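# Structure assessment
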Amino acid sequence: MPEVIFNGPAGRLEGRFHPARKRNAPIALVLHLHPQFGGTMNNQIVYQMYYMFARRGFAVLRFNFRGVGRSQGTFDHGQGELSDAAAALDWVQTVHTDARACWIAGFSFGAWIGMQLLMRRPEVEGFISVAPPANLHDFSFLAPCPSSGLIVHGDNDKVVPQKDVQTLVDKLKTQKGIVIDHETIPGANHFFENDMDDLIDRCGTYVDGRLGLTPADYVDID
């Protein structure tokens, strides 16, 4: 799990990168929750999602948005963080040049940033959005959403009410050419504090289904 520092639009960005063993393995970028509410790349959901992708052979990067940890810059209300995410994806692609595909995963604020990024990057073929804050941010830019993906939410989320996520899901499901999977985890709150294993299992099952993977395909990352 090498520590990496790469250039972003507001200065250096700090990350953790897990290289892939196969030259044409897919890339995954994992984005953290709101920087002003304790969001870092070491959040447990981000951390576990990172390793979920790594076990499936991906080249994976998680990083701190500007102003978090050792990343330079200051919080920019989403616009700058989207530029950070684009720079992060650029960096992975320069390191892992033969990737056959790219995925983006994000939690809360990171889901909002990630879904904006996939609108700008046609190479993104899959996404996982965990607790996307549909009540706090405008998702109307997904018109249309260019990639199939998974949206996961807890039905006891007090930060993002279930009805707002359901409205987003229903809107996306009317679009042609993509498939939106939606998982609701009973009893889970916004941070999935007692439901982390269930969350990661569901995300992993989704990736396996999309890529035709079985446990025999997993790689040892210890």
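Attention here is on the structure that accompanies the text. (Residues numbered from 1 in each chain as written. Predicted model: local features only at pLDDT ≥ 70, side-chain atom pairs only at ≥ 80, totals over all residues. Heavy atoms only, no water.)

A few words now on the overall build of the protein chain. Check the secondary structure of the protein chain and you find 5 helices and 8 strands. Element order for the protein chain, N to C, with α for helix and β for strand: β-β-β-α-β-α-β-α-β-β-α-β-α. Relative to a compact globule of 222 residues, whose C-alpha radius of gyration would be 17 Å, the protein chain shows 16 Å and is just as compact. Considering only C-alpha atoms, the protein chain reaches an extent of 45 × 40 × 35 Å along its principal axes. Within the protein chain, the fraction of its 222 residues that count as buried is 54%. Once local pairs closer than 6 in sequence are excluded, the contacts in the protein chain between residues at least 24 apart make up 70%. Positive and negative side-chain charges of the protein chain, numbering 20 and 25 respectively, have mean locations separated by a distance of 5 Å. (Helix = DSSP H or I, 4+ residues; strand = E, 2+ residues; numbered from the N terminus. Rg over C-alpha atoms; globule rule 2.2 N^0.38 Å. Buried < 20%, exposed > 50% of the residue type's maximum accessible area, 1.4 Å probe, protein only. Contact = heavy atoms within 4.5 Å. Lys, Arg positive; Asp, Glu negative; His and termini not counted. Charge placed at Lys NZ, Arg CZ, Asp CG, Glu CD.)

Taken as a whole and assessed by the stated rule, the structure comprises 15 aromatic pairs. Residues F53 and F58 carry aromatic rings whose centres are separated by 4.9 Å and whose planes lie at 65° to one another, so their mutual orientation is edge-to-face. Judged by its relative accessible area of 0%, F53 falls in the buried class. Take F58: its relative accessible area is 1%, and that puts it in the buried class. Each member of the aromatic cluster is reached from another via a ring pair, and the members are F6, F17, F63, F65, F75, W91, F109 and W112. Residue placement shows R62 over the ring face of Y50; its charged tip is 4.5 Å from the ring centre. (Phe/Tyr/Trp six-rings, centres within 6.5 Å; stacked < 30°, edge-to-face > 60°. Lys NZ or Arg CZ within 6 Å of the ring centre and 35° of its normal.)

Right, let's get into the packing of helix α1 (residues 44-55) against helix α5 (residues 196-211). The interhelical angle for the contact between α1 and α5, taken along N-to-C directions, is 35°, at an axis separation of 10 Å. As α1 runs across α5, the sense of the crossing is right-handed. Seen from α1, the contacting residues are Q44, I45, Q48, M49, M52 and F53; seen from α5, they are M196, L199, I200, C203, G204 and V207. Looking at the contact of α1 with α5 residue by residue, the classes come out as 9 nonpolar, 3 polar and no charged. (Axes fitted to C-alpha atoms, helices over the stretch in contact; angles between N-to-C directions. Left-handed = near helix turned anticlockwise from the far one by under 90°. Nonpolar A, V, L, I, M, F, W, Y, C, P; charged D, E, K, R; others polar.)

Put simply, helix α2 (residues 79-95) and helix α3 (residues 109-120) touch, their axes get as near as 9 Å, and they point 60° apart. Our pair here, α2 against α3, has a crossing hand that is right-handed. Contact residues: E81, L82, A85, A86 and L89 in α2; F109, I113, Q116, L117 and R120 in α3. Residues that form the contact of α2 with α3 fall into these classes: 7 nonpolar, 1 polar and 2 charged.

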